[in-house]
Amino acid sequence: MDFTRLVEERIREATRNGAFDHLSGYGKPLPKDDLAGVPADLKMGYRILKNAGFSPEEANIKKELMTIEDLIKQSENELEKEGLQKQLNEKILAYNQLLSKNRIRSNSSIFKNYQEKIEKKLLE
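This report concerns the structure included in the present document. If you're wondering where the values come from, they're calculated on a predicted model, not measured in any experiment. (Residues numbered from 1 in each chain as written. Predicted model: local features only at pLDDT ≥ 70, side-chain atom pairs only at ≥ 80, totals over all residues. Heavy atoms only, no water.)

Helices and strands together make up the secondary structure of the chain, namely five helices and zero strands. Going from N to C terminus, the chain has its helices and strands arranged as α-α-α-α-α. Across the chain, contacts joining residues at least 24 apart in sequence account for 40% of those joining residues at least 6 apart. Accessible area of the chain: about 11,000 Å², with a carbon and sulfur share of 56%. (Helix = DSSP H or I, 4+ residues; strand = E, 2+ residues; numbered from the N terminus. Contact = heavy atoms within 4.5 Å. Areas by Shrake-Rupley, 256 points an atom, 1.4 Å probe, with all protein chains shown as cover.)

Rendered as structure tokens:
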């Protein structure tokens, strides 16, 4: 008897014995698949990232953060830098809220302050 048949026979036996009758969620519809719009060949990768705590939304915000940081570094106009810094602070807040919503702890503001201190030391 091959493995597949053995498994199927054990499942049938458990069903006859009522092993599945009192499971939580019995008789209720399955939850909606949040990756329903993702192509089949990408679903596994998205599930792995999701289970590891990453999300496409998080990646997009991180990309925006890096772009704004680069613009700040390259800008020579102080008024423009202030506006970009405000945008950066708003994105950091949105990022921290997203992480908090997903129950991931972040000390990014601490690291941001530390990064700024290091940059000031290096540029002195």
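Structure shown, so let's carry the discussion forward.
A few words on helix H1 (residues 3-16). End to end, H1 covers 20 Å across 14 residues, agreeing with the expected 20 Å (1.5 Å per residue, within 8%). Within two residues after H1, Gly18 carries a phi angle of roughly 80°, on the positive side. (Expected span 1.5 Å × (residues − 1).)

What follows deals with the nonpolar core. Of all hydrophobic cores here, the largest spans 10 residues; its members are Ile61, Leu65, Ile68, Ile72, Leu84, Leu88, Ile92, Tyr95, Leu98 and Leu99. Elements with a minimum of two residues in this core: helix H3 (56-74) and helix H4 (78-101). Sort the elements by how many residues they give to this core and H4 lands first, with six residues. (Core = buried A, V, L, I, M, F, W, Y, C linked by side-chain atoms within 4.5 Å. Buried < 20%, exposed > 50% of the residue type's maximum accessible area, 1.4 Å probe, protein only.)

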